[in-house]
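Structural overview for review
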Amino acid sequence: MTELCEVAVTLPVPGRYHYSVPDRLAGRAQIGARVLVRFGTRKVTGVVVRSDTAAPEGIKTIDLSEVLDDHEPALSHELVELCLWVADYYEAPPGEAIRAALPAGSGVIARKTVTLTDAGQAAAAGDGGALPPKHRALLAKLAGGAMPIAGMSEAMRRNLDVLRERGLVEETEQRDKSRVRLKHERVVALADGVEVEGVRAQLARSKNRLAVIEALVAGGGPMPVAALARQVSGAAQAVRELTKSGLVRVFERELTLGAVQVGDGMTIGVVPHLTNEQTVAVAAIAAAMGLAAPAADADSLVADSPQITAAMGLAARAPEERSLGRPFTPFLLHGVTGSGKTEVYLRVIAMTLDAGKTAIVLVPEISLTPQLAARFRARFGDQVAILHSGLSEQARLGEWSRLRRGEARIAVGARSAVFAPLDNIGVIVVDEEHDGSFKQDEGVRYHGRDVALVRAQRTGAVCVLGSATPSLESFAHAERGQYRLLRLTERPTARPMPVVEIVDLRKHMPDGEAMLSAPLRTAIGETLAAGNQTILFLNRRGFATFVLCRGCGHAFRCPHCSVSLTYHRHSDRMSCHYCGFAQRVPEICPSCGGKDTILRKGLGTEKVADAVGQEFPTARIARLDRDVASGSKIEGVLARVGRREVDILVGTQMVTKGHDFPGVTLVGVLCADTGLNIPDFRASERTFQLLAQVAGRAGRGDRPGHVIVQTYRPTSPAVVCAAAHDYESFFRAESEARAELMYPPHGRLIAVRIDGANATEVSSTANRLAQLAETYAKRPDVAGVEIRGPVPAPLERLRNRTRWQIWLRSADRQALRRVARAVMAAEVVSSVRVGLDVDPLSAL
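Computed from a prediction, not measured in an experiment: that's the story for all the values here.

What counts and what doesn't
- Residues numbered from 1 in each chain as written.
- Predicted model: local features only at pLDDT ≥ 70, side-chain atom pairs only at ≥ 80, totals over all residues.
- Heavy atoms only, no water.
- Helix = DSSP H or I, 4+ residues; strand = E, 2+ residues; numbered from the N terminus.
- Buried < 20%, exposed > 50% of the residue type's maximum accessible area, 1.4 Å probe, protein only.
- Contact = heavy atoms within 4.5 Å.
- Areas by Shrake-Rupley, 256 points an atom, 1.4 Å probe, with all protein chains shown as cover.
- Axes fitted to C-alpha atoms, helices over the stretch in contact; angles between N-to-C directions.
- Left-handed = near helix turned anticlockwise from the far one by under 90°.
- Nonpolar A, V, L, I, M, F, W, Y, C, P; charged D, E, K, R; others polar.
- Pairing = 2+ DSSP bridges.
- pLDDT = per-residue confidence, 0-100.
- Parallel < 35°, antiparallel > 145°, perpendicular 65-115°, else oblique.
- Salt bridge = Lys/Arg side-chain N within 4 Å of Asp/Glu carboxyl O.
- Polar contact = N/O pair within 3.5 Å; in protein donor to acceptor, adjacent residues only side chain to side chain.

1. Things to note about the overall build of the chain
Assigned secondary structure in the chain consists of 26 helices and 33 strands. Considering the chain as a whole, with its 844 residues, one finds that 52% of them fall into the buried category. A separation of at least 24 residues holds for 76% of the contacts in the chain among residues at least 6 apart in sequence. As displayed, the chain offers around 37,600 Å² of accessible surface, 50% of which is attributable to carbon and sulfur atoms.

Given below as structure tokens:
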């Protein structure tokens with residue numbers, strides 16, 4: 001009986017496909033193995049997700065073309081199952097979900113092509129004999145090289161059939177190499193069963209061969225051929241002779257790559273003592289892992305704390321008692337900024353490694369937080385592998401391979417690191433779990449935090465979510481008892497939280513360029529005089545956020561997106577922050593022909609940094625935003641701030657990302673209102689989180705911190721609660737406001753996103769799908785599903801595509817899913833794209 005397997009092809013197509021396993025590949029087409037399969041007119045990479053399966057009745061299968069993994073499958077069975085869960089929950093093609101777990105650039109594509117035979121080349125070089133002109137013309141085209149069959153017209157295919165019958169052309173396969181591959185090296189090892197003493201006597205008169213044997217013995221294992229050649233004269237010939245006589249064997253292995261370097265020039269402090277609250281957190285997490293907290297931590301406790309007594313009592317129990325029958329309960333580590341959450345992670349991970357297990361740490365945009373990566377590398381050395389998109393594909397493949405081989409046991413990275421190829425996982429940490437960057441906004445729209453929770457549950461690991469400003473969903477889970485809440489309410493060494501002052505911009509008018517009110521300008525001067533550092537936060541980059549003609553009011557907008565162009569002085573260009581379109585500012589208005597009428601208006605970080613520099617000419621000023629955001633530049637700027645070579649740092653939300661600078665005593669928020677007016681139900685939550693996080697950058701050293709928040713809405717709950725460091729009051733107010741409309745955490749959402757190049761086709765498709773959803777939602781088994789829309793997206797046009805959306809809302813996830821699947825089952829014109837965003841984070 002023919003062996004069959006199910007394959008998920010790494011393309012945006014639904015479903016899984018059955019293939020036959022030819023005898024030559026029997027035993028190699030294991031679950032998780034990458035394979036090359038015929039798909040349409042080409043061959044593409046896929047991954048085996050089921051083996052020994054039966055094809056649906058009446059379906060004829062074709063053979064796998066090749067197994068691409070030589071030794072072991074690229075993905076473990078556990079990772080394959082996780083990816084299939086991701087595909088099911090997020091309503092995504094399974095192959096696309098699996099591609100997220102594979103190293104970028106490692107896929108292979110092969111295409112059917114047609115090329116000339118020897119007879120065809122002779123005919124093309126001559127006059128083509130009795131061939132008609134259209135056939136001679138086709139031969140002339142093929143003389144220039146092989147042509148892909150995909151995309152050929154029916155007429156051309158018929159002409160090719162004629163030429164094939166005459167033996168003038170033939171089909172071939174053209175394979176594109178993967179963009180990145182692991183390098184291999186040839187190594188030499190003693191053959192099994194070789195008695196060294198006997199070999200020494202046998203080779204006493206053969207100096208070079210004996211030297212090779214001695215080098216292998218001294219090395220204690222296999223040696224690269226290249227290294228052996230540097231040690232032993234004539235090693236190549238000696239190895240050939242030893243191989244022939246069966247004394248050594250030569251084989252290939254993956255070349256070991258060095259660990260990626262992070263945090264160059266950053267200062268990492270000594271390991272601190274844990275506070276009482278940190279010790280409680282470590283002990284509780286250790287107990288959930290079946291481990292006991294180190295005695296040194298227990299000795300530092302205040303004995304009469306009931307929380308501590310309970311945590312340590314649980315940790316002291318026998319492992320089987322701790323784990324017996326305990327349900328999966330993630331931890332929410334709610335700690336104020338600067339309270340030492342990272343030290344809790346480090347201690348827990350150290351215990352995990354000591355227990356022989358591995359760990360995953362997810363952080364938002366790791367390329368923006370090199371300091372955190374450097375702390376992990378300083379504590380654990382090359383056992384840490386760094387995974388993020390700021391690395392080259394080759395570097396990422398190297399780090400991925402180190403994890404798979406077990407050379408690295410801790411994966412630290414952005415959301416895709418949740419798929420790190422680790423076995424025996426003990427703990428998964430999601431730092432700053434509230435951060436929106438954990439949600440993929442295109443392709444497979446998965447949330448890294450939620451996938452981390454599922455992976456931890458499936459592997460028996462502990463999951464720790466950490467944040468000073470938890471998402472409303474996570475805190476609601478903790479209040480319902482679904483997560484276990486751990487609190488860090490104070491900073492170590494009794495450092496107080498910074499004093500926050502709200503400046504009402506309706507009363508204290510800021511200047512036009514630097515956006516500094518009188519109180520903030522005074523505070524900056526005092527901070528500079530004291531030799532301390534300042535961070536100024538404005539969540540808009542660029543020099544001018546819009547450009548217009550003062551004569552006719554013409555505003556310069558992106559021709560491809562529904563947004564204004566932003567002027568950047570460093571490049572002297574107006575650019576779109578969504579599609580990358582850029583152009584020079586014209587001297588003459590294209591609308592009215594006016595000269596010298598073009599104005600650059602609005603504020604961005606570039607203009608603020610320039611204006612602050614003029615206000616404080618002796619200050620050393622640096623900027624941190626997307627315009628300077630290559631990995632090495634970010635590390636350079638942050639390292640300079642850490643060494644106190646910068647007096648004032650001006651930046652966007654990048655300056656809020658967990659940086660720890662003891663010299664920063666003043667934080668100024670130039671305008672707290674920029675995010676409050678966005679048409680998104682999460683706008684208030686995001687504003688609160690940004691304000692609380694940036695305020696937390698102040699006063700992390702020995703000197704007290706001061707935060708000045710400038711706002712036109714000083715009574716907004718997001719502003720007031722952030723200023724008071726009062727998360728729970730904000731949570732209560734925001735949760736109550738959302739309950740009225742059944743927004744998360746009180747209900748569930750799925751956004752149906754429709755886009756295409758033709759605005760009429762998009763709007764008509766959106767209206768038809770909304771009607772279909774309304775009709776389907778009237779069925780008894782989907783009661784309670786509300787349909788909102790269709791409406792144009794707030795950013796209606798993006799990258800030359802018109803965007804509409806339909807929102808599905810319900811407290812019943814299964815009912816919501818049935819309506820969403822009914823919508824996706826509808827046929828739409830090929831030029832319109834329809835996708836689902838399960839648990840959407842953004843309405844834009």
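2. Observations concerning the environment of Thr-329
Residue placement: Thr-329 occurs in the loop between helix 13 (319-323) and strand 12 (331-335). When its relative accessible area of 29% is taken as the criterion, Thr-329 is described as partly exposed. For the pair formed by Thr-329 and Gly-481, sequence separation is 152 residues and the distance between their alpha carbons is 8.6 Å.

3. Some details on the packing of helix 10 (residues 276-288) against helix 14 (residues 341-354)
With their axes 10 Å apart at the nearest point, helix 10 and helix 14 run at an angle of 35° to one another. Judged by the sense of rotation from one axis to the other, the crossing of helix 10 with helix 14 is right-handed. Of helix 14, the residues touching helix 10 (which contributes Gln-278, Ala-281, Val-282, Ile-285 and Ala-286) are Glu-343, Val-344, Arg-347, Val-348 and Met-351. Looking at the contact of helix 10 with helix 14 residue by residue, the class counts come to 7 nonpolar, 1 polar and 2 charged.

4. Describing the pairing of strand 4 (residues 42-51)
Counted residue by residue, strand 4 has 7 buried out of 10 residues, so it is predominantly covered. Strand direction decides the pairing type here: strand 1 (residues 3-9) and strand 4, joined by 5 bridges, are antiparallel. Paired with Cys-5 across the bridge in strand 4 is Ser-51. Examined bridge by bridge, strand 3 (residues 34-39) and strand 4 share 6 bridges and lie antiparallel to one another. Within strand 4, the position partnered with Leu-36 by the bridge is Thr-45. Between strand 3 and strand 4, which follow one another and run antiparallel, lie 2 residues, and Gly-40 among them has a positive phi close to 70°.

5. So, the confidence of the model for the chain
Mean pLDDT over the chain: 85, with 89% of residues reaching 70 or higher. Taken together, the stretch residues 298-325 has pLDDT below 50 and engages in 36 contacts with residues farther than four places along the chain or on a different chain.

6. Here we look at the packing of helix 18 (residues 472-479) against helix 24 (residues 727-739)
Direction vectors running N to C along helix 18 and helix 24 enclose 100°, while the axes themselves pass 11 Å from each other. Judged on the interaxial angle alone, helix 24 and helix 18 are roughly perpendicular. Side by side, helix 18 and helix 24 meet where Leu-472, Phe-475, Ala-476 and Glu-479 of the first sit next to Tyr-727, Glu-728, Phe-730, Phe-731, Arg-732, Glu-734, Ser-735 and Arg-738 of the second. Its residues assigned to classes, the contact of helix 18 with helix 24 shows 6 nonpolar, 1 polar and 5 charged.

7. Details of the pattern of salt bridges
Across all of its chains, the model carries 42 salt bridges by this definition. Arg-821 is the salt-bridge partner of Asp-88, the closest N and O atoms lying 3.1 Å from each other. Taken together, the positions of Asp-88 in helix 1 (residues 77-89) and Arg-821 in helix 26 (residues 813-825) put the pair 733 residues apart, joining distant regions of the chain. For Asp-88, a relative accessible area of 44% translates into the label partly exposed. According to the relative accessible area criterion, Arg-821 is partly exposed, its value standing at 37%. Counted as one network, the salt bridges with shared partners bring together Glu-473, Arg-682, Glu-685, Glu-734 and Arg-738.

8. What to know about the sheet that holds strand 33 (residues 832-838)
Spatially, 31-32-30-33 is the arrangement adopted by the 4 strands of the open sheet, whose pairing is antiparallel. The open sheet has two edge strands, strand 31 (786-798) and strand 33, and neither has a second partner. Ignoring strand direction, the axes of neighbouring strands in this sheet form an average angle of 20°. Sheet topology places strand 30 (residues 748-756) next to strand 33; 7 bridges connect them, and they run antiparallel. Counted as the bridge partner of Ile-754 is Val-834 from strand 33. Contacting strand 30, strand 31, strand 32 (801-810) and strand 33, helix 26 runs over the sheet at an angle of about 15° to strand 30.

9. Considerations on the sheet that holds strand 14 (residues 384-387)
One open sheet holds the 7 strands; their spatial order is 14-15-13-16-17-12-18, and the pairing between them is parallel. Looking along the sheet, the strands with just one partner apiece sit at the ends: strand 14 and strand 18 (484-488). Across the sheet, the mean angle from the axis of one strand to that of its neighbour is 20°, orientation sign disregarded. With 5 bridges connecting them, strand 12 and strand 18 associate as parallel partners. Of the residues in strand 18, the one forming a bridge with Leu-332 is Leu-485. Helix 16 (residues 393-405) contacts strand 14 and strand 15 (410-413) of the sheet and is inclined by roughly 140° relative to strand 14.

10. Structural notes on the side chain of Asn-159
Relative to the assigned elements, Asn-159 resides in helix 5 (residues 154-165). One polar contact links Asn-159 to His-135, side chain to side chain, over a distance of 3.4 Å. Beyond its immediate sequence surroundings of up to four residues, Asn-159 is in contact with Lys-134, His-135 and Leu-138.

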